[in-house]
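# A closer look at the structure
For reference, the chains in residue letters:
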Amino acid sequence: MAGLVSPSGLSNDLTLLDKIDSESVVDILDKRFQTGSPYTYIGEVVVSINPYRQLNIYGNDVINEYRAREMWEKQPHIFALAESVSPNNQGKNACVIITGESGSGKTEASKIVMKYLAAVSSQDDKAEIERVRDILLRTNVILESFGNARTGRNDNSSRFGKYMDISFDFKGTPNGGNIHSYLLEKSRVVQRSAGERNFHSFYQLLAGANDQLLTSLSLKRSISGYRYTKGDDTQAMKVGSGPGTDDRKLFKDVEMAMKNVGFQDHEIKSIWRLMSAILHLGNVNFHDDGDSAAIREGNESDLARVAKLLDVDVEAVKDALTSRTVSAGGDIISAKHSAEKAEHGRDGFAKAIYERLFSFIVGKINSKIQVEKRHTDCVIGVLDIYGFEVLGINSFEQLCINYANEMLQQLFIQLVLKQQQEEYIRENISWVDVKYHNNQPICDLVEGRRGMLALLEDAAGGGLGKATDDGLLETLDSQFKANKFYTSRRNEPQDKTLEHGHQFRIRHYAGDVTYSINGFIDKSKDLVFQDFKRLLFGSKQPAISSMWKDGAQAKSIVTKRPPAAGTLFKQSMQELIKNLSSKEPFYIRCIKPNEIKSPQRFDTNRVAHQVAYLGLVENIRVRKAGFAVRQPYDRFLQRYKLICKETWPNHRLGSDKKAVEVLCKSMKIKKDEDVAYGNTKLFIRSAKTLNLLEARRDVKIIDVIIFLQKHWRRTLAQIRFKKMRALMTIIEYYRKYKLRKYISDLEKKFRNVRQMPDKGKSITWGAPPKSILSTVDYFKLVFRRWCAHFVISRLPKEEHEGVKMRAAILDAYVGSGRQGWQGGEWKTDYIKTNPEFNMAVSTLRTKEKEGLGKLLFAAEGIKLSSKAKGTPRALLITDKFVLKMDSTKKYKVMDKKPVSETIKSVSVFNEPSSKSVVLHCEGRNDLVMAFSTGNPVELTAILRYKLNVEKINVQSRIPITVEKKSSSLTREASIDQSASFQKRGNDVSVLD
Ligand SMILES: Nc1ncnc2c1ncn2[C@@H]1O[C@H](COP(=O)(O)OP(=O)(O)OP(=O)(O)O)[C@@H](O)[C@H]1O
């Protein structure tokens with residue numbers, strides 16, 4: 001519920017409070033102050049309570065959160081208001097009016113607005129735009145130096161009102177601006193209350209100027225050395241040690257800012273000259289010499305310094321300070337001052353120099369940022385003006401300040417009501433009239449045709465006859481006798497709180513203020529003798545001279561008295577109000593939580609007082625009258641459409657208004673009673689309805705989150721799946737490519753293989769892709785066979801069989817150690833060499849009824865029998881039988897077994913010359929023979945090639961089973977060519 005309550009559960013908009021009274025508002029402000037969330041809304045008005053501590057809520061990350069957001073969407077913040085006024089958002093002229101008492105945070109608020117506007121304005125990096133943006137941000141440093149001072153209430157109090165217009169071009173880029181200053185508190189130059197300081201600029205100059213500059217200005221680095229900077233609080237007044245300030249550093253910042261803004265060196269120098277001249281001027285004292293004033297002894301050097309710094313003649317300065325030129329009936333005479341009057345004149349001169357210097361600085365800044373109207377698309381004004389002021393003694397300045405606040409409050413009520421009324425008319429909603437405090441009678445009392453300022457003007461011009469403060473009070477008393485907002489002791493003798501003869505009281509909207517009439521006429525006249533004007537117009541410093549153009553008149557010309565200060569102030573206020581009224585206003589109402597700048601202390605009474613005089617409760621009531629909240633239909637839908645199935649996720653109801661009606665109906669929100677449907681906005685009467693919507697939204701949002709999560713997960717899975725599929729396709733294509741490449745490379749390598757002398761045996765095959773390893777093995781086999789074919793085809797046909805047989809046992813013998821196994825002649829049968837054996841076999845053939853089968857192998861030797869004896873035997877193998885014959889008994893058949901049941905595997909020794917062979921027979925004794933005729937390798941080949949006995953063992957120790965006993969057969973070379981067996985422990989050795 002970002003829009004309605006803060007994370008700590010506080011109402012974000014005071015109109016949403018159930019109970020609208022001062023206590024509830026103060027209570028919310030207290031909680032906001034304590035929780036470090038200083039902003040609250042009343043509709044579009046931001047109420048700000050000074051946190052008096054640095055909060056981490058002004059960074060660029062936070063700025064980004066507020067971009068392109070409606071005010072109510074995020075937590076209350078000045079950024080939200082700045083976003084509303086920013087040209088990107090509305091493109092209309094607007095103004096931000098910041099009010100509140102001294103120290104409530106107005107200047108800080110204006111800086112926050114500026115920071116936001118600068119950050120979000122279109123980021124065009126043209127040098128000119130950068131320059132203007134830079135100047136607008138840097139002006140603060142300069143204006144704060146010359147216009148701010150430490151007061152009892154604020155260490156950095158603005159002692160002038162400031163209105164800054166920032167112009168934006170059609171792209172929303174700041175391209176210029178204009179600053180207006182109001183009522184600089186120039187009296188501060190010559191006097192101030194205990195513990196307060198003069199304007200920062202004086203201390204910054206004394207602390208920050210380098211020795212060379214100080215010497216050129218004839219200054220000492222000493223605050224106590226000058227009447228106008230000397231204070232009663234020596235610790236606080238030490239150079240560079242003002243609380244909360246670093247004068248030395250700030251001097252550099254100000255100098256740099258002036259240079260960046262475009263002040264020329266001679267202008268900056270003139271500014272330091274004028275500041276120094278003021279300091280020296282304050283040290284010039286007078287005494288009465290007869291009936292006229294004379295410079296006090298010892299002060300001539302100060303006077304000389306003043307003259308030098310102002311670049312005028314020293315005698316002329318002396319004359320201007322001690323006398324006055326009067327033109328009467330064409331004669332020009334010099335009227336001498338008394339010492340008192342001269343001192344008065346000196347202070348007036350110092351104030352005037354500073355005031356004109358300040359105006360010069362503001363004018364200079366303006367000249368650097370002014371922009372032609374035709375290049376301006378919209379203007380945003382920021383007004384940071386002194387708040388309502390009630391001091392121990394309230395004088396003319398307080399009257400002006402409080403009058404300005406009356407005007408602004410009147411404007412506020414008018415504009416808020418007017419805006420609301422206009423909105424109701426525009427939206428076609430019936431209008432409810434609201435009673436509110438009307439400040440107009442008080443404004444009239446001050447500024448009316450026969451109001452206080454008009455009477456002051458008369459008094460200042462001598463029009464009232466008695467141009468004394470007492471006389472003025474008498475006139476005011478009689479003029480406003482019947483005015484219920486004015487009172488004095490004369491008009492209400494029973495009111496003992498008012499002092500007779502010099503106090504009057506005005507009932508301001510913010511509370512009663514008692515003013516002292518003393519000094520009113522002088523301050524109102526604000527007289528600077530023409531002699532001073534002429535003196536400084538004559539300065540050889542062009543910048544100084546340019547500040548005093550009205551000193552150009554000849555002495556003989558009788559100058560028309562300028563309007564009184566009050567009248568000028570009234571005019572500038574009226575102009576300001578006119579300017580503000582022409583723009584869409586936005587308000588920041590600043591509140592000061594305590595008097596001691598504490599980040600913890602919340603002074604309930606003080607805050608209640610401010611809440612009252614800022615008219616916040618009234619403001620809430622006005623805003624709430626009729627409808628507490630209004631929201632454009634599209635925005636409303638954006639937030640709440642999820643709570644109604646007809647509107648979620650998108651409606652098809654023709655218009656947003658219709659969709660909102662359906663949504664409200666589904667929530668049983670009653671038309672007219674709870675809400676009203678305007679042309680473009682929904683008007684919600686009370687917080688109850690909004691809370692209902694928000695509560696429903698909170699419930700629904702969980703469903704939406706689950707729904708979104710579900711979809712998002714599905715989307716993620718789809719994305720992953722697609723990626724995987726793509727990956728597989730890539731892999732598949734790559735594999736195919738690798739395969740094709742391998743095969744095509746092979747094909748290229750083997751293309752001319754027939755013509756190669758070695759028929760391609762030297763070709764390297766390369767590592768094949770894994771998937772075709774077995775295929776390539778097969779290819780290799782085919783290739784080998786193809787090669788073999790060539791070898792074989794060159795041999796006579798009858799040898800083919802032998803070669804094939806040799807090839808068949810290749811795997812068993814390669815690397816076996818039985819070199820030369822494939823060589824030699826294979827005779828198949830060795831009978832022919834022995835006629836007796838041959839005869840016996842022929843006889844056998846004829847005798848055997850079922851047929852002996854085709855003779856495959858026949859050989860003689862000795863057979864291992866029990867006790868390791870070698871018995872002469874002949875071995876006959878046909879494709880059907882295995883026969884053992886006794887070669888000592890005319891080849892009598894000893895044993896005859898079908899060949900398939902008999903031999904399971906065959907073993908030979910891995911030594912080339914061995915003639916022994918072991919036929920392993922399943923379930924029977926192994927047949928171990930050492931041949932005298934017959935080749936054991938040939939026998940293994942016949943067994944595998946012709947009788948499918950696959951297993952051929954070629955080893956050095958052959959496990960045997962003879963006479964049902966298992967042992968091992970080893971081989972030893974025979975010395976005499978004849979074979980024999982020898983017992984070796986449990987094992988047997990054949991000597992062959
Ligand atoms: N948003 C803020 N965050 C932190 N401190 C603040 C904030 N606003 C104001 N302050 C503190 O309060 C002091 C006074 O604020 P600021 O000068 O803006 O008051 P002001 O209303 O302009 O006073 P004046 O009318 O005297 O010029 C600041 O110097 C600063 O210490």
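Counting from 1, residues in each chain are numbered in the order their sequence is written. Two thresholds apply to this predicted model, a pLDDT of at least 70 for residue-level local features and 80 or more for giving and counting side-chain atom pairs, whereas whole-chain, interface and lining totals are computed over all residues. Each side-chain value is derived from all of the structure's non-hydrogen atoms; neither hydrogens nor water enter the calculation.

The next subject is the pattern of salt bridges. Take a side-chain nitrogen of Lys or Arg and a carboxyl oxygen of Asp or Glu: if they are within 4 Å of each other, that pair is a salt bridge. With the rule as written, the count across this model stands at 49 salt bridges. In this structure, Glu108 engages Lys111 in a salt bridge whose closest nitrogen and oxygen atoms are separated by 3.5 Å. Placement of both Glu108 and Lys111 in helix α4 (residues 106-120) is noted, with a separation of three residues, approximately one turn of the helix. Exposure classes here rest on a 1.4 Å probe applied to the protein chains alone. A residue is buried below 20% of its type maximum, exposed above 50%, and partly exposed in between. What makes Glu108 partly exposed here is its relative accessible area of 45%. Judged by relative accessible area, which is 24%, Lys111 ranks as partly exposed. The residue Glu595 makes a salt bridge to Lys592 at a minimum N-O spacing of 3.7 Å. Assessed through its relative accessible area of 31%, Glu595 is described here as partly exposed. Residue Lys592 is classed as buried on the basis of its relative accessible area, which comes to 0%. Each of Glu101, Arg153, Lys592, Glu595 and Arg606 takes part in a single network of salt bridges with overlapping partners. A run of H or I in DSSP becomes a helix once it reaches four residues, and a run of E becomes a strand once it reaches two; helices and strands are each numbered from the N terminus.

Every one of the 18 residues lining the ligand counts as a neighbour, but Ser102, Lys106, Thr107, Ser157 and Ser158 are closest to it. A distance of 2.8 Å is found between an oxygen atom of the ligand and a side-chain nitrogen or oxygen belonging to Asn154. When contributions to the shell around the ligand are tallied by element, the ones reaching two or more residues are α4 and β5 (157-158). The leading source of residues in the shell around the ligand is α4, at three residues. Residue composition of the shell around the ligand, by class: four nonpolar, ten polar and four charged. Nearness is judged by heavy atoms alone; a residue qualifies as near a molecule or strand once a single heavy atom is within 4 Å of it. Polar contacts, as used here, are pairs of N or O atoms within 3.5 Å; protein pairs need one atom able to donate a hydrogen and one able to accept it. Residues neighboring in sequence count only if both atoms are side-chain atoms. Here the nonpolar group is Ala, Val, Leu, Ile, Met, Phe, Trp, Tyr, Cys and Pro; Asp, Glu, Lys and Arg are the charged ones; every other residue, Gly included, is treated as polar.

Bringing the nonpolar core into the picture now. In a soluble, globular protein the nonpolar side chains are often hidden away together inside. Counting residues in hydrophobic clusters, the biggest one holds 109 residues, and the most contacted among them are Phe146, Ile271, Trp272, Tyr354, Ile365 and Ile588. With 14 residues, helix α13 (residues 339-369) is the largest single contributor of residues to this core. Every residue pair with non-hydrogen atoms within 4.5 Å of one another is taken to be in contact. Those residues in contact with Ile365 that lie beyond four places of it in its chain are Ile135, Thr139, Ile142, Leu143, Ile179, Val261 and Phe263. Put simply, buried Ala, Val, Leu, Ile, Met, Phe, Trp, Tyr and Cys residues joined by side-chain atoms within 4.5 Å make one nonpolar core. Counting 75 residues, the second-largest nonpolar core is a separate cluster that includes Leu383, Cys443, Leu476 and Tyr613.

Next up on the list: a nonpolar patch on the surface. Excluding any residue in a salt bridge, patches collect residues exceeding 30% relative accessible area, merging like charges within 9 Å and nonpolar Val, Leu, Ile, Met, Phe, Trp and Tyr side chains within 5 Å. The accessible surface values rely on the Shrake-Rupley method and a 1.4 Å probe; as for residues, cover is taken only from the protein chains in view. Taken together, the side chains of Ile743, Tyr778, Phe779 and Val782 present a nonpolar region at the surface, about 350 Å² in accessible area. Among the elements that take part in the nonpolar patch, helix α27 (residues 773-793) stands out by supplying three residues, more than any other. Residue position: Ile743 is located in helix α26 (residues 687-750).

This next bit is on the sheet that holds strand β17 (residues 629-632). When DSSP finds at least two bridges between two strands, those strands are taken to pair. Read from one edge of the open sheet, three strands run β17-β19-β18, paired in antiparallel fashion. Looking at strand neighbours, the two that pair on one side only are β17 and β18 (675-677), the edges of this open sheet. Neighbour to neighbour, the strand axes of the sheet diverge by 20° on average, direction disregarded. In terms of strand pairing, β17 meets strand β19 (residues 681-684) through four bridges, oriented antiparallel. Paired with Pro632 across the bridge in β19 is Lys681. Convention adopted: a line fitted to C-alpha atoms gives each axis, helices being fitted over their contacting stretch, and angles between N-to-C directions are expressed from 0 to 180 degrees.

By a widespread convention, an interface's size corresponds to the accessible area lost as its parts come together. For each domain, the first and last residues come from an automatic or database assignment. The domain architecture assigned to the chain consists of domain 1 (1-81 + 593-626), domain 2 (629-716) and domain 3 (819-991). The distance between the C-alpha centroids of domain 1 and domain 2 comes to 26 Å.

It is worth spelling out the packing of aromatic side chains at this point. Pairing of aromatic rings covers Phe, Tyr and the six-membered ring of Trp, with a centre-to-centre limit of 6.5 Å; geometry is then stacked below 30 degrees between planes, edge-to-face above 60, and tilted otherwise. Applying the stated rule across the entire model yields 28 aromatic pairs. Taken together, a centroid distance of 5.6 Å and an interplanar angle of 20° make the contact between Tyr486 and Phe504 stacked. Placement of the pair is Tyr486 in strand β13 (residues 486-488) and Phe504 in strand β14 (residues 503-508), with a sequence separation of 18 residues. Comparing Tyr486 with Phe504, the two get one shared label, buried. Taken together, a centroid distance of 4.6 Å and an interplanar angle of 75° make the contact between Trp786 and Phe790 edge-to-face. One end of the pair, Trp786, and the other, Phe790, are both in helix α27, four residues apart, so they sit about a helical turn from each other. Here the guanidinium or amino end of Arg197 rests over the ring plane of Tyr203, the centre of that ring lying 4.1 Å away. Placement of a charge over a ring requires the Lys NZ or Arg CZ to be within 6 Å of the ring centre, with the centre-to-atom vector within 35 degrees of the ring normal.

Turning our eyes to something else, we now look at the packing of helix α1 (residues 22-34) against helix α22 (residues 604-613). Taken N-terminus to C-terminus, the directions of α1 and α22 make an angle of 120°; their axes are 10 Å apart at the nearest point. With respect to α22, the axis of α1 lies oblique. Both α1 and α22 take part in a crossing whose hand is right-handed. Taken together, the residues of α22 that come into contact with α1 (itself represented by Ser22, Val25, Val26 and Leu29) are Thr604, Val607, Ala608 and Val611. When grouped by side-chain class, the residues that make up the contact of α1 with α22 number six nonpolar, two polar and no charged. Oblique is the label for every angle not falling under 35 degrees (roughly parallel), over 145 degrees (roughly antiparallel), or within 65 to 115 degrees (roughly perpendicular). Take the far helix as the reference: if the near one is turned anticlockwise from it by less than a right angle, the crossing is left-handed, and if turned clockwise, right-handed.

Moving on, we get to the side chain of Ser598. Among the structural elements, Ser598 can be located in the loop between β16 (584-591) and α22. There is a polar contact of 2.9 Å between the side chain of Ser598 and the backbone nitrogen of Arg601. If we ignore the near neighbours within four places in the chain, the residues touching Ser598 are Phe33 and Tyr52.

Here the focus is the pairing of β19. By the alternation rule, side chains of β19 split into Lys681 and Phe683 and Leu682 and Ile684, which are all buried. Sheet topology places β18 next to β19; three bridges connect them, and they run antiparallel. Across the sheet, the residue bridging to Tyr677 is Leu682, located in β19.

This part is about α4. By this rule, a helix spans an expected 1.5 Å times one less than how many residues it contains. Across its 15 residues, α4 extends 21 Å between first and last C-alpha, which sits within 8% of the 21 Å expected from 1.5 Å per residue. Summarising burial for α4: eleven of the 15 residues are buried, a large majority. Of all the positions in α4, only Lys106, Thr107, Ala109, Ser110, Ile112, Val113, Met114, Tyr116, Leu117, Ala118 and Val120 are classed as buried.

Residue position: Leu580 is located in helix α21 (residues 565-581). With relative accessibility at 0%, the residue Leu580 sits in the buried group. On a C-alpha basis, the gap between Leu580 and Cys95 in space is 6.6 Å, while along the polypeptide they are 485 residues apart. Filtering out sequence-adjacent residues up to four positions away, Leu580 remains in contact with Cys95, Ile97, Tyr163, Leu383, Leu408 and Leu411.

Cis geometry marks the peptide bond from Trp648 to Pro649; its omega dihedral reads -10°. Tracing the chain through its elements places Pro649 in the loop between α24 (633-640) and α25 (656-666). We note that Leu183 has phi near 45°; this positive angle belongs to a residue other than glycine. Classification of Leu183 by relative accessible area gives partly exposed; the value is 27%. At Lys759, a residue that is not glycine, the phi angle is positive and equals roughly 55°. Tracing the chain through its elements places Lys759 in the loop between α26 and α27.

If you walk across this open sheet you meet the four strands as β28-β29-β31-β30, and the pairing is mixed. If you trace the sheet from one side to the other, it starts and ends with β28 (958-962) and β30 (980-984), each paired once. The sheet shows a mean angle of 35° between the axes of neighbouring strands, direction not considered. Relative to strand β29 (residues 965-972), β28 runs antiparallel, the two sharing five bridges. Considered in β29, the bridge of Pro959 is made with Ser968.

Mapped onto the fold, Lys884 is located in strand β22 (residues 881-886). A relative accessible area of 19% places Lys884 in the buried class. Here Lys884 is in contact with Lys863, Ala874, Lys892, Val893, Met894, Asp895 and Leu927, once residues within four sequence places are set aside.

So, about the packing of α24 against α25. Relative to each other, α24 and α25 sit at 45°, their axes nearing to 9 Å. In this view, α24 runs oblique relative to α25, as classed from their interaxial angle. Pair α24 / α25 crosses with left-handed handedness. Contacts between α24 and α25 involve Tyr633, Asp634, Phe636, Leu637 and Tyr640 from the first element and Asp656, Lys657, Ala659, Val660 and Leu663 from the second. For the contact of α24 with α25, the class distribution of residues is seven nonpolar, no polar and three charged.

It is worth spelling out helix α10 (residues 265-282) at this point. With 18 residues, α10 should cover 26 Å at 1.5 Å per step; its first-to-last C-alpha distance of 26 Å lies within 8% of that length. The buried count for α10 comes to 15 of 18 residues, which makes it a mostly enclosed element.

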